[in-house]
Amino acid sequence: DPDRLLDGDDLSPGELRKLMLAEQLVTNPNLLVLDEPTNHLDVGSIEALQEMLSGFSGALLLVTHDRQLSEAVTQIGWETIQGESLMRLLVV
């Protein structure tokens, strides 16, 4: 409901996340820094985000546990391994 979003009251975490992403994307940025952008999003919103990021022409720094998203929208990835003091470079 657009009126509810514009009112600003009682936004769900997912609605707030979508609103914040949309607000930043309309500025046509050269760089996106996203930390767990799929948190609080439903499946349809995650798919829309993945499609948008796949077509994004700027640079993207993405921190996520969503392997499907990261593999779909990135070319180079770094992975940390819990309990080990090394970082492994993954090129996808």
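All values reported here derive from a predicted model rather than from experimental measurement.

Enquirer: For this particular structure, what's the right way to read the overall build of the protein?
Expert: Counting its secondary structure elements, the protein contains 4 helices and 4 strands. Taken from the N to the C terminus, the helices and strands of the protein come in the order α-α-β-α-β-α-β-β. Within the protein, contacts between residues at least 6 apart in sequence are counted, and of these 38% link residues at least 24 apart. When the accessible surface of the protein is split by element, carbon and sulfur atoms take 53% of a total near 6,900 Å².

Enquirer: Sorry if this is basic, but what is going on with the layout of surface pockets here?
Expert: Space inside the second largest pocket adds up to approximately 240 Å³. Forming the walls of the second largest pocket are 14 residues, and the residues nearest its centre are M20, L21, Q24, V33 and L34. Elements with a minimum of two residues in the lining of the second largest pocket: α2 (13-25) and β1 (31-35). Here the lining of the second largest pocket is composed, by residue class, of 10 nonpolar, 2 polar and 2 charged.

Enquirer: What's the story with the pairing of strand β2 (residues 59-63) in this structure? I'm lost.
Expert: It is a general feature of regular strands that their side chains alternate between the two faces of the sheet. The pairing of β1 with β2 spans 5 bridges and is classified as parallel. In the sheet register, V33 faces β2, and the bridge partner there is L61. What joins β1 to β2 is helix α3 (residues 43-54), and the crossover it makes is right-handed.

Enquirer: Help me understand the nonpolar core in this model?
Expert: General note: in soluble globular proteins, nonpolar side chains tend to be found buried as a group. Listed in full, the 11 residues of the largest apolar core are L21, L32, L34, L41, I46, L49, L53, F56, L62, L69 and V73. Looking at this core, the elements with two or more residues in it are β1, α3 and α4 (67-73). When residues no more than four places from it in sequence are discounted, the contact partners of L49 are L21, P37, T38 and L41.

Enquirer: Would you mind showing me how to read α2 here?
Expert: Within an α-helix, residues lying three or four positions from one another point in the same direction, as the helix has 3.6 residues per turn. Its 13 residues give α2 an end-to-end C-alpha distance of 18 Å, which sits within 8% of 18 Å, the value for a rise of 1.5 Å per residue. Those residues of α2 not exposed but buried are G14, E15 and L21. The buried residues of α2 occupy one face: seen down the axis, they fall within an arc of 130°.

Enquirer: Could you clarify how one ought to interpret a nonpolar patch on the surface in this entry?
Expert: Side chains of L16, L19 and M20 sit close together on the surface and give an oily, nonpolar patch of about 260 Å² of accessible area. If you trace the backbone, L16 turns up in helix α2. On the basis of relative accessibility, which here comes to 38%, the residue L16 falls in the partly exposed class.

Enquirer: Would you mind going over unusual backbone geometry with me for this structure?
Expert: Only a minority of non-glycine residues have a phi that is not negative, and only a minority of peptide bonds are not trans. In this model, N28 sits at a positive phi of 55°, which is unusual for a non-glycine residue. Its identity is not glycine, yet H40 carries a phi of approximately 70°, on the positive side. By the element assignment, H40 lies in the loop between β1 and α3.

Conventions and cut-offs
Residues numbered from 1 in each chain as written. Predicted model: local features only at pLDDT ≥ 70, side-chain atom pairs only at ≥ 80, totals over all residues. Heavy atoms only, no water. Helix = DSSP H or I, 4+ residues; strand = E, 2+ residues; numbered from the N terminus. Contact = heavy atoms within 4.5 Å. Areas by Shrake-Rupley, 256 points an atom, 1.4 Å probe, with all protein chains shown as cover. 1 Å grid on protein atoms, 1.4 Å probe; cavity = no way out; pocket = protein on both sides within 12 Å on 5 of 7 lines; lining within 4 Å. Points joined across faces, edges and corners; volume = space filled by probe spheres on them. Nonpolar A, V, L, I, M, F, W, Y, C, P; charged D, E, K, R; others polar. Pairing = 2+ DSSP bridges. Right-handed = clockwise from strand over helix to strand, strands pointing away. Core = buried A, V, L, I, M, F, W, Y, C linked by side-chain atoms within 4.5 Å. Buried < 20%, exposed > 50% of the residue type's maximum accessible area, 1.4 Å probe, protein only. Expected span 1.5 Å × (residues − 1). Arc of directions from axis to C-beta. Patch = residues over 30% accessible without salt bridge, like charges linked within 9 Å, V, L, I, M, F, W, Y side chains within 5 Å. Salt bridge = Lys/Arg side-chain N within 4 Å of Asp/Glu carboxyl O.

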